[in-house]
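Secondary and tertiary structure notes
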Amino acid sequence: MTKDSPALDIRHLSVDYHSESGTVHAVADVSLTLRRGEVLGLAGESGSGKSTLAYALARLLPTVASITAGEIIYAPAVAGSEPVDVLKLTERQLRAFRWADLAVVFQSAMNSLNPVMTVGAQIDDVLRTHQSELSRQERAARAAELLKLVGIAQDRLHSFPHELSGGMRQRAAIAIALALSPEIIIMDEPTTALDVVVQHEILTEILRLRQQLGFSVIFITHDLSLLLEIADSIAIMYAGRIAELATYDDLRTRAAHPYSYGLLSSFPRLRGPRAVASGIPGTPPDLRAAPPGCAFHPRCPLAFAPCMSEVPVLQPPPGTISPLVACHLYDPRFRATPPTTSELASAYATAAQRESQA
Ligand code: ATP
Ligand code: SF4
Ligand code: MG
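To start, this report covers the structure provided alongside it. Since the structure is predicted, the reported quantities are computational estimates derived from the model, not experimental observations. (Residues numbered from 1 in each chain as written. Chains lettered and ligands numbered in written order. Predicted model: local features only at pLDDT ≥ 70, side-chain atom pairs only at ≥ 80, totals over all residues. Heavy atoms only, no water.)

1. Description of the side chain of Arg299
To keep it simple, the criterion reads: The helix count covers DSSP runs of H or I at least four residues long, the strand count covers runs of E at least two residues long, and both are numbered beginning at the N terminus. Polar contact criterion, stated in full: a pair of N or O atoms within 3.5 Å, where within protein one must be able to donate a hydrogen and the other to accept it, and residues adjacent in sequence count only if both atoms are side-chain atoms. The contact criterion used throughout is that any non-hydrogen atoms of two residues lie within 4.5 Å.
Mapped onto the secondary structure, Arg299 falls in the loop between helix H10 (258–264) and strand E11 (324–325). A distance of 2.9 Å separates the side chain of Arg299 from the side chain of Glu45, its partner in a polar contact. In terms of polar contacts, Arg299 uses its side chain to reach the backbone carbonyl oxygen of Gly282, at 3.1 Å. The contact partners of Arg299, leaving out residues within four places of it in the chain, are Glu45, Tyr238, Ile280, Pro281, Gly282, Thr283 and Pro284.

2. A few points about unusual backbone geometry
The omega angle of the peptide bond from Ser322 to Pro323 is -5°, so this bond is cis rather than trans. Its place among the elements puts Pro323 in the loop between H10 and E11.

3. Some thoughts on the sheet that holds strand E6 (residues 102–105)
The criterion, for reference: Pairing between strands is defined by DSSP: at least two bridges between them are needed. Here the axes come from fitting lines to C-alpha atoms, over the contacting stretch only for helices, and the angles between their N-to-C directions go from 0 to 180 degrees.
Strands sit in the order E6-E7-E8-E3-E9-E10-E11 across an open sheet of seven strands; the sheet is mixed. Looking at the sheet topology across the chains shown, the edges are occupied by E6 and E11. In the packing of helix H7 (residues 196–213) onto the sheet, contacts are made with strand E3 (39–43), strand E7 (184–188) and strand E8 (216–221), and the angle to E8 comes to roughly 160°.

4. Section: the site of ligand 2
Keep this limit in mind: Throughout, near means a residue has at least one heavy atom within 4 Å of the molecule or strand. For this classification, Asp, Glu, Lys and Arg are treated as charged, while Ala, Val, Leu, Ile, Met, Phe, Trp, Tyr, Cys and Pro are nonpolar and the rest, including Gly, are polar.
Around ligand 2, a shell composed of His257, Pro258, Cys294, Phe296, His297, Cys300, Leu302, Ala303, Cys307, Cys327, His328 and Leu329 is seen. Looking at the shell around ligand 2, its residues break down into nine nonpolar, three polar and no charged.

5. Re helix H5 (residues 136–149)
Defined as follows: In a helix, the anticipated span is given by 1.5 Å times the number of residues less one. Between buried and exposed lies partly exposed: a residue is buried under 20% and exposed over 50% of the maximum accessible area for its type, with that area taken using a 1.4 Å probe on protein chains only.
Here H5 contains 14 residues, and its C-alpha end-to-end distance of 20 Å stays within 8% of the 20 Å for a straight helix at 1.5 Å per residue. Within H5, the full set of buried residues consists of Arg139, Arg142, Ala143, Ala144, Leu146, Leu147 and Leu149. Tucked into the core, H5 has its buried residues touching helix H4 (119–130), helix H6 (166–177) and H7. Phi for Gly151, located one or two positions after H5, is positive at around 80°.

6. Some remarks on the site of ligand 1
Heads up, the condition is: In these tables, accessible area is a Shrake-Rupley quantity obtained with a 1.4 Å probe, and a residue counts as shielded only by the protein chains included in the view.
As a matter of local geometry, ligand 1 sits amid 15 residues, with Ser46, Gly47, Lys50, Ser51 and Thr52 nearest to it. The protein chains hide 67% of the 630 Å² of surface that ligand 1 would expose on its own. Secondary structure elements with two or more residues in the shell around ligand 1: strand E2 (22–35) and helix H1 (50–57).

7. Points about the environment of Ile10
One can find Ile10 in strand E1 (residues 6–19). Sequence-distant contacts of Ile10, that is, excluding residues within four places in its chain, are made with Val30, Ser31, Leu32, Leu57 and Glu71.

8. A closer look at the sheet that holds strand E5 (residues 84–85)
Read from one edge to the other, the open sheet built from four strands follows the order E2-E1-E4-E5, with strand pairing classed as antiparallel. Both edges of this open sheet fall to E2 and E5, since each of them pairs with a single strand only. Strand direction decides the pairing type here: E1 and E2, joined by 10 bridges, are antiparallel. If you follow Asp9 over to E2, its bridge partner there is Thr33. Against the sheet, H1 engages E1, E2 and strand E4 (65–74), with an angle of about 115° to E1.

Structure, rendered in structure tokens:
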């Protein structure tokens, strides 16, 4: 099993929520591969389907949601083990899968920790349930080891979540996720509630742990500039679909999709050249009735006729292999040459000017 082999393969996954006011198509035909040891970033504005995708991977969707299409294939690192079809796991198999193979650190650490149990008791709970062969002393030693791993002093084992700072709570949530040494960790906005300095410390910690323990990470955030700090590859979601799938190098050099460009210039960069935070005009669509064609077309400053009727396919620009872009500007049927960065910049500048005059 090589470092670059897939750990998780998501194939044409679609997820709907059913409500009285209609069906929300929260994830639509998403295909992604998480490679072993990789940090895959997932970015996009609020409501783009990031958490729904994460919950689907862990089979933790609420009952109002259903997976309407697709496959999730997990490939364990253990030599000779068969790929696991996650959507076919029984409830019993799922309970083991969720901790031992794939763990989730939820959007708010405060909510994912149990407020009436000490941190030590919460780690002990996981170990007792899933590793019944361990003695009480062995579990206590493992709990102390896990806290040390995430940079928390051992005496904090006896602390309740409200006695810890926001950063420490987040570290404790990561320690619990690591309890059974999973191969995949999904982190849903793990640093959003933290100040910039603590955010940076946690990101550094995650990268160090990844290096030390070799797990793969799906890191979800609405802040694309954070992903440029931590991710090896980055998937940008819009209206439940992947708009662009790029490597860190692709995106650092240039955002190809008009939405990625807008998103990248919406956040001040933590490092490198500072872009003016301009933002994207308009708001994300209602996913009960997303616009036809490219769902971004009502907000896209470069939209043209095919965008209103045809859904763009996620594919590399002609003659290249990366990034993958779902945009008709890169389709040779419609345009001879892909757009340049200055074309994207000036289209956004014109749209912003028009908006300020309206
Ligand atoms: P955020 O950045 O705000 O966390 P997100 O990208 O994680 O957003 P999701 O929470 O996955 O987005 O939501 C995707 C879509 O599904 C949204 O339109 C949201 O309103 C809808 N949705 C989420 N949960 C439910 C639910 N339980 N019932 C109905 N619709 C839901
Ligand atoms: Fe804009 Fe059209 Fe590309 Fe969608 S397909 S991002 S609307 S140019
Ligand atoms: Mg979310």
